[in-house]
Amino acid sequence: LFSSVDGVLYDYSGETLIRYPRARTNQTYTLNDNTRVLANTSFMNCLSLTTINFNENLIAIGTNVFTGSTSLRSMNFTSVNPPYLMGFNSFPTNYNLVINYPSGSEEAYTNNLFYNSYSDYLRAN
């Protein structure tokens, strides 16, 4: 029912990231190309994580995914179409957090109801 990629818990297909180990000390994590969904609370309380790099295949981000991840400073999107957010609490509102999206895709991110609630954090890359 489950799989592990470098210690990160996924569903069996490897498409849904279920849990990133909160005791992991890496500061940066890059989603592998197979990751399509971030499950609810999957990065909760990951205190060492400062940067997360999303892939173009990501289609959905659950609620409270980054709750308690107070060191997170940079979230980098590569897709011109933002992944669907399953709620308003998907991202943290940490001081100095920047949510980067690809240049030329400003409308897709800023006009999206869920991403618009993070407008103070959104920046074109």
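What you are looking at is a predicted structure, and each value in this text was computed from that prediction instead of being measured.

Chemist: Could you clarify how one ought to interpret the overall build of the protein in this entry?
Modeler: Assigned secondary structure in the protein consists of 2 helices and 11 strands. Along the protein, from the amino end to the carboxyl end, the secondary structure elements read β-β-β-β-β-β-β-β-β-β-α-α-β. Over its C-alpha atoms the protein spans a radius of gyration of 13 Å, differing by no more than 12% from the 14 Å that the globule rule assigns to 125 residues. Oriented by its inertia axes, the alpha-carbon framework of the protein measures out at about 40 × 30 × 25 Å. Expressed as a percentage of the 125 residues in the protein, the buried residues total 43%. Sequence separation of at least 24 residues holds for 39% of the intrachain contacts in the protein that already meet a minimum separation of 6.

Chemist: Is there a simple way to think about the sheet that holds strand β10 (residues 98-101) in this case?
Modeler: Note: strands within a sheet are paired through backbone hydrogen bonds, in either parallel or antiparallel orientation. Pairing in this open sheet of 5 strands is parallel, and the strands run β4-β6-β8-β10-β11 from one edge to the other. Of all strands in the sheet, those bounded by a partner on one side alone are β4 (28-30) and β11 (122-124). With direction set aside, neighbouring strand axes in the sheet form an average angle of 15°. Pairing between strand β8 (residues 74-76) and β10: 3 bridges, direction parallel. By the bridge assignment for β10, S74 is matched with V98.

Chemist: Please explain the sheet that holds strand β2 (residues 8-11) as it appears in this structure.
Modeler: Pairing within the open sheet is mixed, and its 6 strands lie in the order β1-β2-β3-β5-β7-β9. Unpaired on one side and paired on the other, β1 (2-5) and β9 (84-85) mark the two borders of the sheet. Bridge count between β2 and strand β3 (residues 16-19): 2 bridges; the pairing is antiparallel. Among the inter-strand pairings, L9 is bridged to a residue of β3, identified as R19.

Basis of the calculations
- Residues numbered from 1 in each chain as written.
- Predicted model: local features only at pLDDT ≥ 70, side-chain atom pairs only at ≥ 80, totals over all residues.
- Heavy atoms only, no water.
- Helix = DSSP H or I, 4+ residues; strand = E, 2+ residues; numbered from the N terminus.
- Rg over C-alpha atoms; globule rule 2.2 N^0.38 Å.
- Buried < 20%, exposed > 50% of the residue type's maximum accessible area, 1.4 Å probe, protein only.
- Contact = heavy atoms within 4.5 Å.
- Pairing = 2+ DSSP bridges.
- Axes fitted to C-alpha atoms, helices over the stretch in contact; angles between N-to-C directions.

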